Amino acid sequence: MSKCEQCIVRQFSAVKALSKEQLVRMASCKTSYTVKKGEAVFEEGRITNGVFCVKSGVCKLSKLSANGKDQILKFATAGELLGQRSLITDEPANLTATALDDMEVCFIPKSEIIGFFNESNQFSLEVMRSICGDLKEADEHKVSLAQKTVKQRIAEVLLYLYDNFGVLSDGSLRIQLSREELGGMVGTATESCIRLLAELQKEGYVKLDRKHITLLEIYKLRHLAEHY
């Protein structure tokens, strides 16, 4: 059993606020397991009964829209807690978390997390900060949808993937999304996304190779995304 107090990723989440004694308790009750690429950590509408701590890997958090399409709202990486909002509101998960590569995940039962809320004001505060951060991102996304063109929003998403997740050995973005997924993230039809990516390639901003996208002109893409 891995020791929570020795886990490096705890420094990147609300878990950093817990004492060594509390971390030892967490280690005794948590369940660690691997989630394979393409599998769900949890699904929308399901009761989670606890929170998930991402030890390694990346997952997408998405919601099924009214037209049946899966829309990505954010990504989660090592150190992040998943399912904390559902735990606090005592409601089923409102998003689906799907692994984009093989992940190591620890599940901590609801009873233990509620105990930490009661014992540690600092832990409660860190969880609230995390949720507020998600709300801030949602507000910024609304502003982007209202004020930026679709082409600017595509540039913005590509840069987000580049800045946060890096590239593969061939220089292409590490996180590979379908055109439908990219279109959903920027709020446009798949056909429009395909056309605008082709425009960006023709203009020399990116190189396309199926799902692989390589950013060629980072500075110019930033200028495009930020000036409106």
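Residues numbered from 1 in each chain as written. Predicted model: local features only at pLDDT ≥ 70, side-chain atom pairs only at ≥ 80, totals over all residues. Heavy atoms only, no water.

Observations concerning the overall build of the protein chain
For step 1, the next point in the chain: The number of helices and strands found in the protein chain is eight helices and ten strands.
For step 2, the next point in the chain: Looking at the protein chain as a whole, 44% of its 228 residues qualify as buried.
For step 3, the next point in the chain: Look at the contacts in the protein chain between residues 6 or more apart in sequence, and 68% of them connect residues 24 or more apart.
For step 4, the next point in the chain: On the protein chain, the mean spot of the 31 positive side-chain charges and the mean spot of the 30 negative ones are 2 Å from each other. (Helix = DSSP H or I, 4+ residues; strand = E, 2+ residues; numbered from the N terminus. Buried < 20%, exposed > 50% of the residue type's maximum accessible area, 1.4 Å probe, protein only. Contact = heavy atoms within 4.5 Å. Lys, Arg positive; Asp, Glu negative; His and termini not counted. Charge placed at Lys NZ, Arg CZ, Asp CG, Glu CD.)

Looking at the pattern of salt bridges
For step 1, the next point in the chain: As enumerated under the stated definition, the model contains 13 salt bridges in all.
For step 2, the next point in the chain: The partner of K148 in a salt bridge is E156, and the shortest N-O contact between them spans 2.6 Å.
For step 3, the next point in the chain: A relative accessible area of 12% means that K148 is categorised as buried.
For step 4, the next point in the chain: A residue is classified by how much of its surface remains accessible, and E156, at 31% relative accessible area, is partly exposed.
For step 5, the next point in the chain: Each member of the salt-bridge network shares a partner with another, and the members are K151, R195, E199 and E203. (Salt bridge = Lys/Arg side-chain N within 4 Å of Asp/Glu carboxyl O.)

Quick word on the UniProt feature "domain: Cyclic nucleotide-binding" (unreviewed entry) in the protein chain
For step 1, the next point in the chain: When the UniProt feature table is mapped onto this chain, "domain: Cyclic nucleotide-binding" (unreviewed entry) is found at residues 14-110.
For step 2, the next point in the chain: The annotated region residues 14-110 carries 18% helix and 42% strand content, and the separation between its end C-alpha atoms amounts to 15 Å. (UniProt positions renumbered as here; feature names shortened; annotations may be inferred.)

Looking at the domain arrangement of the protein chain
For step 1, the next point in the chain: When its domains are assigned, the protein chain resolves into domain 1 (4-122) and domain 2 (146-226).
For step 2, the next point in the chain: Between the C-alpha centres of domain 1 and domain 2 there is a distance of 28 Å.
For step 3, the next point in the chain: Between domain 1 and domain 2, the residue contacts involve nine residues of the former and eleven residues of the latter.
For step 4, the next point in the chain: Each partner contributes to the roughly 850 Å² buried at the junction of domain 1 and domain 2, and carbon and sulfur atoms together form 63% of this total. (Domains from an automatic or database assignment. Buried area = accessible area lost by both parts, 1.4 Å probe.)

A few points about the sheet that holds strand β3 (residues 50-56)
For step 1, the next point in the chain: Ordered by their spatial adjacency, four strands build an open sheet running β1-β8-β3-β6, and the pairing between neighbours is antiparallel. Taken across any chain shown, the strands that pair with only one partner, and hence form the sheet edges, are β1 (31-35) and β6 (81-82).
For step 2, the next point in the chain: Bridge count for β3 against strand β8 (residues 103-109) is six bridges, and the pairing is antiparallel. Residue pairing in the sheet places G50 in a bridge with P109 of β8.
For step 3, the next point in the chain: Across the sheet, helix α3 (residues 110-119) lies against β3 and β8, angled at about 70° from β8, the strand it touches most. (Pairing = 2+ DSSP bridges. Axes fitted to C-alpha atoms, helices over the stretch in contact; angles between N-to-C directions.)

Thoughts on the layout of surface pockets
For step 1, the next point in the chain: Of the volumes computed, that of the largest pocket is approximately 1,400 Å³.
For step 2, the next point in the chain: Lining the largest pocket we find 50 residues, and of these L73, K74, D134, E137 and A138 sit closest to its centre.
For step 3, the next point in the chain: Contributions of two or more residues to the lining of the largest pocket are made by β4 (59-64), β5 (70-76), β6, α2 (84-89), α4 (121-147), α5 (150-165) and α6 (179-186).
For step 4, the next point in the chain: Considering every element that reaches the lining of the largest pocket, the biggest residue donor is α4, with 15 residues.
For step 5, the next point in the chain: Shared between two domains, the lining of the largest pocket takes at least three residues from each, and those domains are domain 1 (4-122) and domain 2 (146-226).
For step 6, the next point in the chain: Its volume calculated, the second largest pocket comes out at about 230 Å³.
For step 7, the next point in the chain: In terms of lining, the second largest pocket is formed by K37, G38, K60, T98, A99, L100, D101, R174, I175, Q176, E181 and K211.
For step 8, the next point in the chain: Grouping the constituent residues of the lining of the second largest pocket by class yields three nonpolar, three polar and six charged.
For step 9, the next point in the chain: If you count residues domain by domain, the lining of the second largest pocket takes at least three from each of domain 1 (4-122) and domain 2 (146-226). (1 Å grid on protein atoms, 1.4 Å probe; cavity = no way out; pocket = protein on both sides within 12 Å on 5 of 7 lines; lining within 4 Å. Points joined across faces, edges and corners; volume = space filled by probe spheres on them. Nonpolar A, V, L, I, M, F, W, Y, C, P; charged D, E, K, R; others polar.)

Brief notes about the pairing of β8
For step 1, the next point in the chain: In terms of burial, β8 is largely enclosed, as five of its seven residues are buried.
For step 2, the next point in the chain: With five bridges joining them, β1 and β8 adopt antiparallel strand pairing. Across the sheet, the residue bridging to Y33 is V105, located in β8.

Regarding the UniProt feature "domain: HTH crp-type" (unreviewed entry) in the protein chain
For step 1, the next point in the chain: The sites that UniProt annotates as "domain: HTH crp-type" (unreviewed entry) are residues 148-219.
For step 2, the next point in the chain: Annotated as 54% helix and 11% strand, the span residues 148-219 places its first and last C-alpha atoms 18 Å apart.

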